[in-house]
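An overview of the molecular structure
This is what each chain is made of:
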Amino acid sequence: GLIGALLGSVIGNATLPRLVISMYHMSIPLTTSIPVMWTVIALAVAFSLLATVGAAIIVVRRELAEKPADLMLPRAPKSAKRILMERITPLWRRMSFTQKVSYRNLFRYKSRMWMTIIGIAGGTALILTGFGLNDSIGSTASQQYGQIFHYSATVSLAHNDQSKKAMTILNQSSAYKGATKVNMTTGKVKANAKQISDVNLVTPNNQQQFKKYVTLSHSLNTKGLVISKKIASQLDIKTGDKVSFTTTTGQKAALKVTAVTPNYMGVFAYMSPTAYHQAFNVEPVVNTLLLKLNGQSDQQQKQLARQLLKRGGALGTSFASDQEATIKTMSSSMNVIVLLMILLSGVLSFVVLYNLTNINISERIRELSTVKVLGFFDNEVTMYVSRENILLTVFGIVLGYGAGWGLLSFILNQATTAQVVFPVIIRWPGFVVATLLMVAFTLIVMWVPHQKLKHVDMVEALKEN
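Residues numbered from 1 in each chain as written. Predicted model: local features only at pLDDT ≥ 70, side-chain atom pairs only at ≥ 80, totals over all residues. Heavy atoms only, no water.

Here we look at the pairing of strand 1 (residues 153-157)
The element strand 1 is largely enclosed, with a buried count of four among its five residues. Summarising the sheet, strand 1 and strand 8 (residues 288-293) pair through four bridges and their orientation is antiparallel. Looking at strand 8, one finds that Thr-154 is bridged to Leu-290. Pairing geometry for strand 1 and strand 9 (residues 314-319), over five bridges, is antiparallel. (Buried < 20%, exposed > 50% of the residue type's maximum accessible area, 1.4 Å probe, protein only. Helix = DSSP H or I, 4+ residues; strand = E, 2+ residues; numbered from the N terminus. Pairing = 2+ DSSP bridges.)

Here's the deal with the packing of helix 7 (residues 164-171) against helix 11 (residues 298-311)
Helix packing geometry: the angle between the two helix axes and the distance between the axes. Where helix 7 meets helix 11, the closest approach of the two axes is 9 Å, and the angle between their N-to-C directions is 145 degrees. When you trace helix 7 past helix 11, the crossing you get is right-handed. For the pair helix 7 and helix 11, the contacting residues are Lys-165, Ala-166, Ile-169 and Leu-170 in the first and Leu-304, Gln-307, Leu-308 and Arg-311 in the second. In the contact of helix 7 with helix 11, the residues fall into five nonpolar, one polar and two charged. (Axes fitted to C-alpha atoms, helices over the stretch in contact; angles between N-to-C directions. Left-handed = near helix turned anticlockwise from the far one by under 90°. Contact = heavy atoms within 4.5 Å. Nonpolar A, V, L, I, M, F, W, Y, C, P; charged D, E, K, R; others polar.)

Topic: unusual backbone geometry
With a phi close to 65 degrees, Ala-193 is a non-glycine residue in the positive phi region. Tracing the backbone through its elements, the reader meets Ala-193 in the loop between strand 2 (176-191) and strand 3 (194-204). Taking relative accessible area as the criterion, Ala-193 reaches 88% and is therefore assigned exposed.

Observations regarding the pairing of strand 2
Here strand 2 runs beside strand 8; their pairing, made up of six bridges, is antiparallel. The residue bridging Gly-178 from the neighbouring strand is Lys-292, located in strand 8. With nine bridges joining them, strand 2 and strand 3 adopt antiparallel strand pairing. In the sheet register, Met-184 faces strand 3, and the bridge partner there is Val-202. The hairpin formed by strand 2 and strand 3 contains two residues between the paired strands, and Asn-192 there has a positive phi angle of roughly 55 degrees.

Considerations on the confidence of the model for the protein chain
Of all residues in the protein chain, 97% have pLDDT values of 70 or greater, and the mean over the chain is 86. Model confidence for the protein chain, summarised as mean pLDDT per element, is weakest for helix 17 (residues 458-463) at 74 and strongest for strand 7 (residues 268-270) at 94. (pLDDT = per-residue confidence, 0-100.)

The following block contains the structure:
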């Protein structure tokens, strides 16, 4: 246990942080050093020894509590009990003798049953988490610019309500499809003694037109504001609560939250023109254009941005495709992590299944030899034991689906930043691969004892205590 824990600590400290840092290097230039984290290593060693040595101590203490004479005698097998399935008479009658024995043995050895289910569930959960990290990070941009934002670019105007010049340039572009005018103000939101800065307050000039560019969970009311889930979770507020909004120009207003809307990239809040006028006692002035454009190359986008900057009265143009490209780069760098989690989960699941099956056969070798002497074929003897593994694997996989979703949600919640909230998404290939891998491990573990049971010495097995 100590050797394994120390090896794992050294290898883990030398490899995993470098993998994560290499992912950051793809989008952020960093100068990093990786220190030896003695506190974390000590914690890892302590937990590893608790799992290995602690389990051994519990078993040894239980054995040593018995009398030596009792320990020298063969251990009496656990007595079988009636199970729930026996009470379903039509179902129980249609089962073969070996099937009935397998179902009884499932509940006869409860500790082995739970260890197998937890081991398989853990492996399945890790595989799903690996695929889910890739899917969730990769889908952030598509969720934001597919389900919430429906515009291709944002143009910040140099002077308030000076959109005519920009519209003249846009109308000359073959890529231009449409635009809507908004007032975009930056500020900070306070509530419950907490604060979140750099909040973009968006006020549309035309609410009906705005719906074609941004999808909100609720329509904008004449009072109050709609906030994104990031603001709600960070400030611990909900619909109906009051917040304080202070703009960068010093305007301040107490506002009621009328709705909470999903958002993944950036921090946004929304108000109707009427609500804005009531809150700040001024009319919202158009200072931003949201554009819908046809597909353009990077060169065409740069050319349009230069024209808007030079002759369109724009301060700058931000394209959605640039943010999508950044997210795709992050997603592609997750492939190493996905492979690593599949490898780790595979080792975990295989070791659990293999060890438990070996223990099962060793403890029941007299029983298996007896049924073999009675005329059972090799395949029937193998299925006598393996049928239990198959059922437990199915239960473990189903439990692993839920555990994987929960683990992914926890990780993504910890990975949330001030500007990005990752959606929790696991696509169907992740479920398929996790299921097929667990089935493959179960088949391999079935094959290994099958070879052993084919060549077992039945007479010696029946003679030994």
